[in-house]
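So you can see what is in the structure, the chains are spelled out below.
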Amino acid sequence: QVQLVESGGGLVQAGGSLRLSCAASGSIFSVNVMGWYRQAPGEQRELVASITNGGNTNYADAVKGRFAISRDNAKNTVYLQMNSLKPEDTAVYYCNADARLSGSWTHNNYWGQGTQVTVSS
């Protein structure tokens, strides 16, 4: 199995910044796409940003120009730098990874436990 451990959430004022980290561990052979999703109360979980192991990125329109996703392939770790935060960014942020275990021929999708980000106005 793959474990995804997130860190970096918290409470910040509008206009502030936070950096989320997510480290994947386990019997990993390779990690393909890694990404961040968020879910606000009463809302569906939505993609925030994703990055391939080649560095190609994808962002939700709501965060373009404010958030930046990056990864360290050697550490199987993905980061999300969040700047100019707004109250509407308040949500639980989940790490997601598409990974292949050692000895397996298939990729499976894994989720972290989530980290709360709260932006006060």
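It should be noted that the structure appears before, not after, this text.
Cut-offs and rules
Residues numbered from 1 in each chain as written. Predicted model: local features only at pLDDT ≥ 70, side-chain atom pairs only at ≥ 80, totals over all residues. Heavy atoms only, no water. Helix = DSSP H or I, 4+ residues; strand = E, 2+ residues; numbered from the N terminus. Polar contact = N/O pair within 3.5 Å; in protein donor to acceptor, adjacent residues only side chain to side chain. Contact = heavy atoms within 4.5 Å. Salt bridge = Lys/Arg side-chain N within 4 Å of Asp/Glu carboxyl O. Buried < 20%, exposed > 50% of the residue type's maximum accessible area, 1.4 Å probe, protein only. Core = buried A, V, L, I, M, F, W, Y, C linked by side-chain atoms within 4.5 Å.

Within the fold, Thr 115 resides in strand S11 (residues 115-120). At 3.4 Å, the side chain of Thr 115 forms a polar contact with the backbone nitrogen of Gly 9. Ignoring sequence-local partners within four residues, the contact set of Thr 115 consists of Glu 6, Gly 9, Leu 20, Ala 91, Val 92 and Tyr 93.

With that settled, consider the environment of Val 78. Position of Val 78 relative to the elements: it lies in strand S8 (residues 77-82). Residues Val 78 and Arg 45, spaced 33 residues apart in sequence, show a C-alpha to C-alpha distance of 19 Å. Beyond its immediate chain neighbours, meaning those up to four positions away, Val 78 contacts Leu 20, Ser 21, Cys 22, Met 34, Trp 36, Ile 51, Ile 69, Ser 70, Arg 71 and Cys 95.

Glancing now at the pattern of salt bridges. Two side chains bearing opposite charge may form a pair once their charged atoms approach each other closely. On inspection of all chains with the given rule, the structure shows four salt bridges. Its salt-bridge partner being Asp 89, residue Arg 38 comes within 2.9 Å of it at the nearest N-O pair. One end of the pair, Arg 38, is in strand S4 (residues 28-39); the other, Asp 89, is in the loop between S8 and strand S9 (91-101), and 51 residues separate them in sequence. Each of the two residues, Arg 38 as well as Asp 89, counts as buried. When the shortest N-O distance is used, the salt bridge between Arg 66 and Asp 89 registers 2.8 Å. Separated by 23 residues along the polypeptide, Arg 66 in the loop between strand S6 (57-59) and strand S7 (67-72) and Asp 89 in the loop between S8 and S9 bring together distant segments of the chain. Overall, Arg 66 belongs to the buried group, its relative accessible area being 11%. What emerges from the salt-bridge pattern is a single network uniting Arg 38, Glu 46, Arg 66 and Asp 89.

Next up on the list: the nonpolar core. Ranked by size, the top nonpolar core spans 30 residues in total, and within it Trp 36, Leu 80, Met 82 and Tyr 93 carry the most contacts. Looking at this core, the elements with two or more residues in it are strand S1 (2-7), strand S3 (18-26), S4, strand S5 (46-51), S7, S8, S9 and S11. Not counting chain neighbours up to four residues away, the residues in contact with Leu 80 comprise Leu 18, Arg 19, Leu 20, Trp 36, Val 48, Ala 49, Phe 67, Ala 68, Ile 69 and Tyr 93.

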